[in-house]
Amino acid sequence: MSHWRPALRIARRTVLRSPSRSLLIAILVGLPVAGATYADLIARSFNSTERVTRRLIGASDGAVTVTGLATLPGGYNPRWLVSGYSVPAGARHDVSRAEIAALLPPGTRLVPMALQRQVTLQQGERIVRTTMLIGDVREPLYRNVMRLEDSTPAPGPDNVLVTRRLAERLRLLDHGHLRPGATLTPMGDPTSRVAGLVVNPTCLSCEQIVAAPSAPIVAVTRGSRAHDTTLAYGTTEPTYLVDLPDGTDDSVLGGTLAAHGLALTTRDGLLHPPPSGGRFDIADPDTQRAAALVAIIVALGLLEVVLLAGTAFAVGARRQLRELGLVAAGGGSPRDVRRIVLAQGLVLGAIGAVIGIAIGAGIALAGRSVWERYADFEIASWHFGPFEIAGAGLVGLFSGLAAAFVPAVGAGRMRPVNALAGRFRVAVRARRRNTFIGLGLVLAGIVLGLVGAHQLAGDFAAYDRALAEVKRTGRFLQTPGSDGSTTLVIVSATLAIIGLVLLAPALIGWIARIGGRLPLSARLAVRDAERQRHRTGPATSAIVIAVTGSVLLASLLAGRFHADDLRYVPALPANTISVMRGDSTTSAMLLAGRRAAQLLPGGRSLTVTAAAERPRRGAHDEPQQQVQLVSVAPSEQDPCPPGGGCNFFVQARSGGVAIGGDDAVTRLVAGPGYDDAARRALADGKLLVFDTSQLDASGQATVATRDGEIQLAAHVVRTDRAYARLPAALISADAARAHGWRPATDSVLVSFAPVATRDDVDAAITRVVETGAFAAYDDGLDERRNLVLLLIAAASALVTLIGVAISIALSAAEGRADIATLAAVGAPPGRRRALLACQALLVGGLGCLLGVGMGMFIAYTARATTGSPDFVVPWANLVATAVGVPLLAALVAAASTHGRLALVRRAD
C-alpha cells in the first residue's frame, strides 16, 4: 500500500489540475453505474411486496374472505388472496357480516372491500362503457383504490366522483378543472351530479366512477348485467377489510375464522412471503434468449464506456509526459509510472461510481411522476438494494481501472528521454502485431458465426416449416431453443468485436494513405487522425460498439415482430363481432346479435350451431357440454420429422365442433377450401378439420366427449386463414345425430362493412352487453411497435454523437497548437470548422459503417433465434445510422466550433 500513496497523491493533484477532462472521464465511468442504480431502484420499488400489499388491502391490517365453505380444508393461510386458491364445488355456506364481526376481537373495524361494477353511460348520441367503484372515498381503508384530487371537496352521499381520464372523455373539464354542474347519466337511469375528481392510486389511467353505497346510481345499476366483483385479484367472494386492535394474534384469529369457512389474509403474511425457487424458468428458450441479448448489450455498453474513457486517459497521459518523464528520470521504474496512471483510473473510477449512484438515484426520484405515468400506479415508497448498488459502484471502479490500463502500459514502456522531450513513440512492431491479431480475431469470429448460423438454421428447419403454416392452420408455436449454437454465435460476435477494436487504428492508417488526394480540410483531418491513433482508434471503436449494439437490437426486434405477425392467430375475421351467451338466455343472445347487426352498416347476424351431448337420462339439470376437437401429441404432427425430433413446442388448433352444411357459417369457417370434395366428405359423415396435424397416424381426428375420447374419420380442408374463436371442426347434422349429439345454439357472428367506425362498434357491443350477453372483437396487433425501432435509432444516434463529440473535444484540446499555427499562417476562420467537421465525419462515418456491418453480420448469424424464417432488415434504421448520423455529427461539430483561436506557445 505504501507504493500506492505517492501515486494516489499525484493522481489527486492531476485530477484537480484538469477538472474538465477528469469530470468527463468520471461521467463516462458513472453512466453504467447510474443506469444500474436507476434500474435497481425502479425495479425494486415497482415490484416490492409493500406495493402489492397496499394494492390489495390498503392501510388495513388484513382482509377476511367468505369462501363459501363450512371450514377451510387447509386451515389458516395468511396469503389467501394471492395463493392461487380454489373453492371446491358444492353447497355454499354463507356467513353474514354480523357473524363475522362476532368472531373478531372487540374494537375491530370491519369494512366491506370496495366493489367494481360495469356501467354504461349515455351522453347524447354517445355510448360510453366504463366501471364504477362502490365505496366511501372518505374511508381511510379505501385509500389504495380511491383518493380525492387536491382541492376537491368531499362529495355528498348522492353525488359521484370521476377520474380525470373519464372526465376528459366525457368532456366535463374546463381548462383542467371540473365544469360546474357536470352530470353523467347511466343508460335509461336518472342523471347523477359529478361532485369532483378522484384518483385511483393503483390505476392512474383508468376511466372510473366512484360512488358511495347509498348513492342513487348504485341502486339503479344494481340489476345490470355485470356482477359486483371485489378488487382482490378478481375474486368474486365477499371480502372485508379489517383494522384489528393492537396485540391481536393473527395465527389464533386465522384459525378461528378458518373453522367457520373464513379466510384471513394478513398484512404480515403479504409483506413476508415464503421463499421461492425463482420467478423464471431458466430452461425457457425465451428467457435464455432475453438473458443472452441483455448480456450482450450490457457488455457492449461497458466496453464502449471503457474505450471512450480510455481515449480521455490516453490524451491525459500524453499531456503529462514531462511529469512522467521526470518520475522515470528520477529513478522511477516502469512499474511506478504505470502505477501513477492506474491511480488516476482508480480515483476517477471511485468518483465516477459516486456520481453514477447519485445520478441514477436522482433521475429515479426526480422523475417520479414520469415513472408513475408509465407504470400506471403511484409509487408509495422507494426501496434500495444496497448490495446491488454497491456492486454497480464496484463495476464503475473497475471500469476506471480498465480504462487506464492500456495508457498505463504505454506510459510504462516509454523512454525517459522521449518523455522529457514530449514524444510518445509507439513501436511499429506492436502496431503490426495488433493489426494481425485483430484481423485474425475478425476472421475467426466470421467463421464461428457462420458455423453457428448453419447449426441454428438446421435446428430451426422444422420450426420454419410449421411457422409458414400458422396463418392457415392456427397452430400455436413456441420459438425453439438451441443446444449451444446461440453460445457459439455470442462467442463469434465477441471475437469479431475485439478484432475490430484492434483493427481500428490500422484502418485509420490505411485511410490516411489515400488522403493525399482529398481537399485541404479533409487531408488535414485524415493526417491528424492517423497521427493521433491513440485517440481516434478507441473513439472509432467505441462508436463501432454503440452502432453494433443498436443495429443488432433493431434487427433482432424487427425479426421478432415479423415472427409475431406470422405466429399471430386472430380471434375473429376483420369486421366481425362474436356474441356469446354470457349470463343471458339463448333467445336473448340471438336478439342481441340481431340488434347489433342493425346498428352496424352492412351488418348481418349468423348463428353458430354446435354439436352438443344430450343430458344423461334423468339428469335434467346437467349442463350442456359441447363436443371438442382435441390436439394430437407433438411427436405425431407433420411439421416434425418421422419419430419426433422437434426442438420446439407446437400445438395444433383445438376447440368446439360445429354443425355445418351449405350455409354462410360453414363458408365463413371453411373459407374458399369448402369445395365439392369437402361437401361430399361432410355428407359422408366425416369431420372437416383444417390442419393435417389435427390427424393421428391413421388419419383420424380425436374428439373429446363426456365419456372419453373417440376417433372419427376426417377430411382436411385447406383454409386461407384460421381464427381462434371460430369452430375448430365441422360435422353434418346427420352425422352428429348418429353419434347421439344434438344441435345447440353456441354463438352469433355479426359481420359488418369496413366503413363502420369505432363508435359504431362500441354502440353495437353496448347493445349486446345490455342483454347480459358477452361480446368479443379483435382489434389486431398493436401497430405502435415501429416506435420501438425509431427509439433504438434515436438512442444509437445520441450515443454516436456523444462519442464523436468526445473525440472532437479531445482532438481540439490536443491539437490546439496545430490549429493556432494554421490561424497564424493565414488560414480563414472557417478552416477550423471544416477541419473539425471532417474529423467528425471520418471518426463517425468509419465507426457507423463498421458498426452497421458488424451488427448486421451478428444479427444474420443469430436470425433464427428471433423466430422468423426470414432475415428482416430494418432499412430505415440502417440508413439513418450509416448516413444520417455521421452527417449530423459533422454538422454539429461545425456549428459548435469557434472560427477564431488565439495563438498559443508551442514547445517545439
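Structural notes, computed from the coordinates. (Residues numbered from 1 in each chain as written. Predicted model: local features only at pLDDT ≥ 70, side-chain atom pairs only at ≥ 80, totals over all residues. Heavy atoms only, no water.)

## Things to note about the overall build of the protein
Scanning the protein from terminus to terminus reveals 29 helices and 27 strands. Looking at the protein as a whole, 46% of its 908 residues are labelled buried. Contacts spanning at least 24 positions in sequence make up 82% of the contacts within the protein whose residues lie at least 6 apart. Entry remark: accessible area of the protein is about 42,800 Å², with carbon and sulfur atoms responsible for 58%. (Helix = DSSP H or I, 4+ residues; strand = E, 2+ residues; numbered from the N terminus. Buried < 20%, exposed > 50% of the residue type's maximum accessible area, 1.4 Å probe, protein only. Contact = heavy atoms within 4.5 Å. Areas by Shrake-Rupley, 256 points an atom, 1.4 Å probe, with all protein chains shown as cover.)

## Some points on unusual backbone geometry
A positive phi angle, near 60°, is found at Arg171, a position not held by glycine. For Arg171, a relative accessible area of 54% translates into the label exposed. In this model, Asp376 sits at a positive phi of 70°, which is unusual for a non-glycine residue. When you line up the elements, Asp376 lands in the loop between helix H12 (368-375) and helix H13 (386-413).

## Some points on helix H21 (residues 586-599)
The end-to-end C-alpha separation of H21 is 20 Å, in line with the 20 Å expected for 14 residues at 1.5 Å each. What H21 keeps buried is the set Ala588, Met589, Ala592, Gly593, Ala596 and Ala597. Residues of H21 that are buried sit in contact with strand E16 (576-580), strand E17 (604-613), strand E26 (741-751) and helix H25 (758-769). (Expected span 1.5 Å × (residues − 1).)

## Some thoughts on the packing of aromatic side chains
Following the criterion strictly, the structure yields three aromatic pairs and no others. Sitting over the face of the ring of Phe377, Arg51 holds its NZ or CZ atom 3.9 Å from the ring centroid. (Phe/Tyr/Trp six-rings, centres within 6.5 Å; stacked < 30°, edge-to-face > 60°. Lys NZ or Arg CZ within 6 Å of the ring centre and 35° of its normal.)

## Some points on helix H23 (residues 676-683)
Listed as buried for H23 are Ala678, Ala681 and Leu682. Here the buried residues of H23 occupy an arc of 100° about the axis, which is enough to place them on one side. Every exposed residue of H23 that faces more than 90 degrees away from the buried side is listed here: Arg680 and Ala683. Contacts made by the buried residues of H23 are with strand E22 (687-689), strand E24 (708-716) and strand E25 (729-731). The distance from a side-chain oxygen at the start of H23 to the backbone nitrogen of Ala677 is 3.3 Å, and the residue carrying that oxygen is Asp675. One or two steps after H23, the chain reaches Gly685, where phi turns positive at roughly 90°. (Arc of directions from axis to C-beta. Polar contact = N/O pair within 3.5 Å; in protein donor to acceptor, adjacent residues only side chain to side chain.)

## Side note on the nonpolar core
Ranked by internal contacts, the top residues of the largest apolar core, which has 43 residues, are Ile25, Leu324, Met854 and Ile858. When neighbours within four sequence positions are excluded, Ile25 is seen to be in contact with Ala309, Ala312, Phe313 and Leu348. Counting 24 residues, the second largest nonpolar core, distinct from the first, contains Ala114, Met146, Val210 and Leu241. (Core = buried A, V, L, I, M, F, W, Y, C linked by side-chain atoms within 4.5 Å.)

## Some words on the pattern of salt bridges
Between side chains of opposite charge, a pair can form when the charged atoms approach closely. Taken as a whole and judged by the stated rule, the model has 10 salt bridges. Here Arg54 and Glu378 are joined by a salt bridge, their closest N and O atoms 3.8 Å apart. Within this pair, whereas Arg54 is found in helix H3 (residues 49-57), its partner Glu378 is found in the loop between H12 and H13, the two being separated by 324 residues in sequence. A salt bridge links Asp676 to Arg679, with the shortest nitrogen-to-oxygen separation between them at 3.3 Å. Of this pair, Asp676 and Arg679 both sit in helix H23, separated by three residues, roughly a single helical turn. Taken together, the shared-partner salt bridges connect Arg54, Arg147 and Glu378 into one network. (Salt bridge = Lys/Arg side-chain N within 4 Å of Asp/Glu carboxyl O.)

## What to know about the state of the cysteines
Tallying each qualifying case throughout the model produces one disulfide. For Cys203, the disulfide goes to Cys206, at an S-S distance of 1.7 Å. Disulfide Cys203-Cys206: torsion about the S-S bond near 85°, hence right-handed. For the pair Cys203 and Cys206, one class covers both residues: buried. (Disulfide = S-S within 2.5 Å.)

## Some remarks on the packing of helix H2 (residues 19-46) against H13
Following both chains from N to C, one finds H2 and H13 inclined at 170°, their axes separated by 8 Å at the closest point. Here H2 is positioned roughly antiparallel relative to H13, judged by the angle of their axes. When H2 is examined against H13, the residues Val29, Val33, Ala36, Thr37, Asp40 and Arg44 are found in contact with a partner set consisting of Glu388, Ile389, Ala392, Gly393, Gly396, Ser399 and Gly400. Residue composition of the contact of H2 with H13, grouped by class: five nonpolar, five polar and three charged. (Axes fitted to C-alpha atoms, helices over the stretch in contact; angles between N-to-C directions. Parallel < 35°, antiparallel > 145°, perpendicular 65-115°, else oblique. Nonpolar A, V, L, I, M, F, W, Y, C, P; charged D, E, K, R; others polar.)

## Comments concerning the sheet that holds strand E14 (residues 262-266)
One open sheet holds the four strands; their spatial order is E2-E13-E1-E14, and the pairing between them is antiparallel. Of all strands in the sheet, those with a lone pairing partner are strand E2 (109-112) and E14, marking the two edges. When strand polarity is set aside, the average angle formed by the axes of neighbouring strands in this sheet is 25°. Pairing analysis gives five bridges linking strand E1 (residues 62-66) to E14, with the strands arranged antiparallel. Following the sheet pairing, Gly62 is matched in E14 by Thr266. Together, E1 and E14 form the strand contacts of helix H7 (residues 250-258), whose direction differs from that of E14 by roughly 155°. (Pairing = 2+ DSSP bridges.)

## Describing a positive patch on the surface
On the surface, a cluster of positive charge is contributed by Arg335, Arg338, Arg413 and Arg433. When you line up the elements, Arg335 lands in helix H11 (residues 334-366). (Patch = residues over 30% accessible without salt bridge, like charges linked within 9 Å, V, L, I, M, F, W, Y side chains within 5 Å. Lys, Arg positive; Asp, Glu negative; His and termini not counted. Charge placed at Lys NZ, Arg CZ, Asp CG, Glu CD.)

## What to know about the environment of Val716
Mapped onto the elements of the fold, Val716 is located in strand E24. Given the relative accessible area of 28%, Val716 is considered partly exposed.

## Let's talk about the side chain of Thr130
You can see Thr130 is positioned in strand E4 (residues 126-134). You can call Thr130 buried: its relative accessible area is 4%. Looking at Thr130, its side chain comes within polar contact range of the main-chain oxygen of Glu207, at 2.4 Å.

## Thoughts on the packing of helix H1 (residues 4-17) against H2
The contact between H1 and H2 brings their axes to 5 Å, and the two run at 105°. Taken as axis vectors, H1 and H2 run roughly perpendicular relative to one another. Where H1 approaches H2, its residues Thr14, Val15, Leu16 and Arg17 are matched on the opposing element by Pro19, Arg21 and Ser22. In terms of residue class, the contact of H1 with H2 is built from three nonpolar, two polar and two charged.

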